[in-house]
Amino acid sequence: MSRTTPNASSRISSTALIMIFITLALSLTALILAVTSFNIGNEVVAEYLLLIGLIGIALSGYVLLQTRRRIMRLRIETQPITTTIECKKCGFKSIREFQRGDYVFKELEPCQKCNDKMMITAIYREVKEKGREPASP
Ligand SMILES: [Zn+2]
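The numbering scheme is per chain: residues are counted from 1 as the chain's sequence reads. Reporting in this predicted model follows two pLDDT cut-offs: at least 70 for local features of residues, and 80 or more for side-chain atom pairs to be given and counted; totals over whole chains, interfaces and linings ignore these cut-offs and use all residues. As a rule here, side-chain values cover all heavy atoms of the structure and leave hydrogens and water aside.

A. Spatial organisation of the overall build of the chain. Under the scheme used here, helices are H or I runs from DSSP no shorter than 4 residues and strands are E runs no shorter than 2 residues, and both carry numbers assigned from the N terminus. From N to C terminus, the chain includes two helices and four strands. Secondary structure elements of the chain, listed N to C terminal, follow the sequence α-α-β-β-β-β. Expressed as a percentage of the 137 residues in the chain, the buried residues total 23%. We get accessible surface area from the Shrake-Rupley algorithm with a probe of 1.4 Å; when it comes to residues, only the shown protein chains can shield them. Put simply, the chain shows about 10,900 Å² of open surface, and 61% of that area lies on carbon and sulfur atoms. Relative accessibility decides the category of a residue: with a 1.4 Å probe and only protein chains considered, values under 20% of the type maximum give buried, values over 50% give exposed, and everything between is partly exposed.

B. Focus on the coordination of the zinc ion. Distances from the zinc ion to its protein donors, namely Cys 87 (SG), Cys 90 (SG), Cys 111 (SG) and Cys 114 (SG), fall within the range 2.2 to 2.3 Å. A 2.8 Å cut-off from the metal defines N, O and S donors, relaxed to 3.2 Å for Na, K and Ca; water is not in the atom list, so some sites may appear incomplete. All geometry calls rest on donor angles, where a four-donor set with angles between 85 and 135 degrees is tetrahedral, four- and six-donor sets with opposite donors more than 155 degrees apart and all others between 65 and 115 are square planar and octahedral, and all else is irregular. Taken together, the four donor atoms coordinating the zinc ion and their angles of 104 to 114° define a geometry best described as tetrahedral. When the donor residues of the zinc ion are listed from N- to C-terminus, their spacing reads C-x2-C-x20-C-x2-C. Here Cys 87 falls in the buried class, since its relative accessible area comes to 2%.

C. Examining the environment of Gln 99 more closely. In this structure, Gln 99 sits in the loop between strand E2 (93-97) and strand E3 (107-110). Here the alpha-carbon distance between Gln 99 and Thr 82, two residues 17 residues apart in the chain, equals 8.7 Å.

D. Molecular detail of the side chain of Ser 37. Tracing the backbone through its elements, the reader meets Ser 37 in helix H1 (residues 6-40). In this analysis, two residues are considered to be in contact whenever any of their non-hydrogen atoms come within 4.5 Å of each other. Excluding anything up to four places from it in sequence, Ser 37 contacts Asn 42, Val 45, Ala 46 and Leu 49.

E. Broad picture of a nonpolar patch on the surface. Surface patches are drawn from residues lacking salt bridges whose relative accessible area is over 30%; two like charges belong together within 9 Å, two nonpolar side chains (Val, Leu, Ile, Met, Phe, Trp, Tyr) within 5 Å. We define a salt bridge as a contact between a side-chain nitrogen of Lys or Arg and a carboxyl oxygen of Asp or Glu at a distance within 4 Å. Taken together, the side chains of Phe 98, Tyr 103, Val 104, Phe 105 and Ile 123 define a hydrophobic patch exposed on the protein surface, amounting to about 460 Å² of accessible area. With respect to the helices and strands, the residue Phe 105 is situated in the loop between E2 and E3.

F. Local environment of the pattern of salt bridges. The final tally for this structure, using the stated rule, is two salt bridges. The partner of Arg 96 in a salt bridge is Asp 102, and the shortest N-O contact between them spans 2.7 Å. With a closest N to O distance of 3.5 Å, Glu 107 and Lys 117 form a salt bridge. Linking Glu 107 in strand E3 with Lys 117 in strand E4 (residues 117-125), this pair joins segments that are ten residues apart in sequence.

G. Broad picture of the nonpolar core. Here the nonpolar core consists of buried residues drawn from Ala, Val, Leu, Ile, Met, Phe, Trp, Tyr and Cys, with membership extended through side-chain atoms lying within 4.5 Å. Grouped together as the largest cluster of nonpolar side chains are seven residues: Ile 85, Cys 87, Phe 92, Leu 108, Cys 111, Met 118 and Ile 120. Dropping the residues within four chain positions of it, Ile 85 is found in contact with Phe 92, Lys 93, Ser 94, Arg 96, Leu 108, Met 118, Met 119 and Ile 120.

H. Structural context of the side chain of Asp 102. Mapped onto the elements of the fold, Asp 102 is located in the loop between E2 and E3. The buried category is assigned to Asp 102, whose relative accessible area is 10%. Separated by 2.7 Å, the side chains of Asp 102 and Arg 96 make a polar contact. Not counting chain neighbours up to four residues away, the residues in contact with Asp 102 comprise Thr 83, Arg 96, Glu 97, Ile 120 and Ile 123. Pairing of N or O atoms within 3.5 Å defines a polar contact, subject to two protein rules: one partner must be a possible hydrogen donor and the other a possible acceptor, and residues neighboring in sequence count only if both atoms are side-chain atoms.

I. Expanded view of the pairing of E2. Across five bridges, strand E1 (residues 81-87) lies against E2 in antiparallel orientation. What sits directly across from Thr 84, in E2, is Ile 95. Here E1 hands over to E2 after five residues, with Gly 91 in that stretch at a positive phi of 85°. Paired strands are those between which DSSP finds at least two bridges.

Written out as structure tokens, the structure is:
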């Protein structure tokens, strides 16, 4: 039921991984060329290539971090159903992820505070729409 997005997350990660791989390969090439030109005696070109190589490695690391964060966010969004448990006696409220077999007015384990029976009072899907991020071109 809630397993509808693994395709999307894996597609994003594989595309990003290819991009990271290409960027890394290019930066490594730049670094190798930097060493070569340094050996030849062309220090200005060597420094320039070194800079390109380092920027490329930093960029790919940044993209990798961003992708991981996005995948984690996707994973959170696939489990948006929340169960609210309430104690009728003292009003203690507890919120947890929806579990199979949950239904409203179901009695659960005793209250942490007063030891009276707790009851599920609400089951709802959390909707967090914080302005969608534009898809990568
Ligand atoms: Zn209580």
